[in-house]
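Observations on the three-dimensional arrangement
Take a look at the letters that make up each chain.
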Amino acid sequence: VPLVESGGGFVQAGGSLRLSCAASGTIVIDNVMGWYRQAPGKQRESVATITSGGTTNYRDSVKGRFTISRDTAKNTVYLQMSGLNPEDTAVYYCFGNKKSWPPRDYWGQGTQVTVSS
């Protein structure tokens, strides 16, 4: 698995979780990294992304509650989630794009986040 996630789990509404994702082996992510999520019966959607220069982008429903950050030297991206609600329940996938030749996208295996009401 090229990207390895950790930090998912079960939390009550209003709680917090921190997800981490690290590239394995000799993989170098030199472009965008981010987090997507997929709830049962729904399509995968973008949650937050961060460029190599640190520019961030969030979907509207998580703005002000989630914070994405990355450690470029460690090929690691984080997602700090607070104010969680049941609508945030999903499998969260880490994503990374390498733009240097040969360019390609990488995905993690997913980590479950469950928020109870």
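All figures in this text were calculated on a predicted structure; none of them were measured in a lab.

Observations regarding the state of the cysteines
- The full count for this structure, using the stated rule, is 1 disulfide.
- The disulfide partner of Cys21 is Cys94, and the gap between their sulfur atoms is 2.0 Å. Measuring the twist about the S-S bond at about -80°, one finds the Cys21-Cys94 disulfide to be left-handed. Highlighted residues: Cys21 in strand E3 (residues 17-23) and Cys94 in strand E9 (residues 90-98), separated in sequence by 73 residues. An identical accessibility class is assigned to Cys21 and Cys94; each is buried.

Section: the packing of aromatic side chains
- Scanning the entire structure with this criterion turns up 3 aromatic pairs.
- The interplanar angle of 55° and the centroid separation of 5.0 Å between the aromatic rings of Phe95 and Trp107 together place this pair among those described as tilted. In this pair, Phe95 sits in strand E9 while Trp107 sits in strand E10 (residues 104-107), placing the two residues 12 residues apart along the sequence.
- Classification of Trp107 as partly exposed rests on a relative accessible area of 31%.
- An aromatic cluster is built from Tyr36, Phe95 and Trp107, whose rings are joined through pairwise contacts.
- Here the basic side chain of Arg18 rests over the ring of Tyr78, its NZ or CZ set 4.2 Å away from the ring centre.
- Stacked on the ring of Trp107, the Lys or Arg Arg44 has its end atom at 4.8 Å from the ring centre.

Regarding the environment of Gln112
- The residue Gln112 is located in strand E11 (residues 111-116) in this model.
- The spacing of Gln112 and Gly7 is 105 residues in sequence and 8.9 Å in space, taken between C-alpha atoms.
- If we ignore the near neighbours within four places in the chain, the residues touching Gln112 are Gly8, Gly9, Thr89, Ala90 and Val91.
- Among the polar contacts made by the side chain of Gln112, one reaches the side chain of Thr114 at a distance of 3.3 Å.

Calculation rules
- Residues numbered from 1 in each chain as written.
- Predicted model: local features only at pLDDT ≥ 70, side-chain atom pairs only at ≥ 80, totals over all residues.
- Heavy atoms only, no water.
- Disulfide = S-S within 2.5 Å.
- Helix = DSSP H or I, 4+ residues; strand = E, 2+ residues; numbered from the N terminus.
- Buried < 20%, exposed > 50% of the residue type's maximum accessible area, 1.4 Å probe, protein only.
- Phe/Tyr/Trp six-rings, centres within 6.5 Å; stacked < 30°, edge-to-face > 60°.
- Lys NZ or Arg CZ within 6 Å of the ring centre and 35° of its normal.
- Contact = heavy atoms within 4.5 Å.
- Polar contact = N/O pair within 3.5 Å; in protein donor to acceptor, adjacent residues only side chain to side chain.

Geometric values such as these leave the question of function open.
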